[in-house]
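Geometric and topological summary
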Amino acid sequence: MDKKKTFFDHKILKLLVRSQLLLLLFVLSFVLLGQDRMVRGSYVVAGIRTHISFEYNDKNYNFDTYKTSLMEAMGEQGISVYDQDLFSIPRDTRLNGQSLEVTVTKSLPVIIDDNGNKILGRAVYSEPEKILEQNKIKIWSEDIIGADLILNPIAVGGVGQLVTIKRAPVYTVIVDGKSKEVRSWDQNVRTIVEKSETKLNPNDIVSPGMEENVANGAKIVITRINYADISENISIPFETIYQGSTSLALGKTSPKVSGVTGSKRITYRITYKDGEEVSRKTISTVVTTQRRDAIILRGAVTGKCNWGPYYQTNYGPYTTSFHFPGFKGRYILVTNLANGKSVKVKIVDLGPDNALLDLSTTAMREIGGPLATFYGNIPNVMVQLID
């Protein structure tokens, strides 16, 4: 019985030990898992205690915090700082349980006189350029910067250091579709253009002129002037010339000379202003192929032409009767063979018997015919059918 009891006692003891080991492993796993959830990388997701030693404005602060960032921890302690104060470590430092030592240099008040505009600022530096940089005030190389201690706070309106900025005059150079800002104490246009690093061409127009002086804020406009010579070939169409021929019947035609189209090369000089064409001038014209006019023979008859005032009165200024029947309503070209003058008229009647035509007064006058009753005829005219 004793041996059996001892066996069971050992067995129970082993079970208890195993249970304790399992419980211990469970607790350790929970702790490790919890830490994994609290710390990610180098910053804290859930709170973990961090000790901070903080020195600011000749005061030392020592405290523990569960905040996750330095600035949150400072706010928790009621520690306020200026934007211009200088930290020994980044302000956005995240807390991960490791102790921190932080030193902050407190900024001092400064007054910045920016071309007459007073700005209240703070800085940890004494150099004017660094003061302006810390207060995010942009300066250019042409600006004049000065610094003095404020000896009369009432007159200046503050204490600390006074930084003055004398801004250089600003000009705008407009060229090639762009605007360039130029800062210069020299008011001469030539100097301003040179400072803009604009390369001028010989024909460019600068307004105001290069030797003029301009006031602060002035605009200087540069107009680009360029020239280009271009050539183009142009056709020269031939004309068709009709010649009366009594060897052909009225209304009939026959080609005598075929026409040839000519060509010429014209060269232009084009003026551009800022890339836009403003003028075009012809500087040369060269005929490369001579044109030849076409000549067509047209049937004609010749004879005497009488003055017909009746047709002027009843049918109009460019009318006539015609000796040959069948042409009423048609148009003819009447040429005075004595002087070569011609007129186009409409046939409105048949006749006369003793001549080719009775021509209206206006038409008769145009080809140089006499109008007197007894001398109102032209001995020899040529008539061509033209419609």
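Structure's up top.
Read on for an overview of the structure. (Residues numbered from 1 in each chain as written. Predicted model: local features only at pLDDT ≥ 70, side-chain atom pairs only at ≥ 80, totals over all residues. Heavy atoms only, no water.)

We now examine the overall build of the protein. Along the backbone of the protein there are seven helices and 25 strands. A buried classification covers 32% of the 387 residues belonging to the protein. Sequence-distant contacts, at least 24 apart, represent 60% of the contacts inside the protein between residues at least 6 apart. (Helix = DSSP H or I, 4+ residues; strand = E, 2+ residues; numbered from the N terminus. Buried < 20%, exposed > 50% of the residue type's maximum accessible area, 1.4 Å probe, protein only. Contact = heavy atoms within 4.5 Å.)

Now for the pattern of salt bridges. Two side chains bearing opposite charge may form a pair once their charged atoms approach each other closely. Counting across every chain of the model gives twelve salt bridges. Here Asp 143 ties to Arg 167 by a salt bridge, and the two come within 2.7 Å at their closest N and O atoms. Residue Asp 143 is found in the loop between helix H3 (128–134) and strand S9 (144–149), and its partner Arg 167 is found in the loop between strand S10 (161–166) and strand S11 (170–175); the two are separated by 24 residues along the sequence. Note on accessibility: Asp 143 and Arg 167 belong to one class, buried. (Salt bridge = Lys/Arg side-chain N within 4 Å of Asp/Glu carboxyl O.)

Here we take up the side chain of Thr 320. Here Thr 320 is to be found in strand S21 (residues 319–322). Accessibility expressed as a relative area gives 0% for Thr 320, which makes it buried.

Strand order across the open sheet formed by three strands is S15-S18-S19, with antiparallel pairing between neighbours. The sheet terminates laterally at strand S15 (225–236) and strand S19 (276–289), the two strands that pair on one side only. Sheet twist, expressed as the average angle between the axes of neighbouring strands with direction ignored, equals 20 degrees. Relative to strand S18 (residues 262–273), S15 runs antiparallel, the two being bridged by twelve bridges. Bridge pairing links Glu 232 to Ile 266 in S18. (Pairing = 2+ DSSP bridges. Axes fitted to C-alpha atoms, helices over the stretch in contact; angles between N-to-C directions.)

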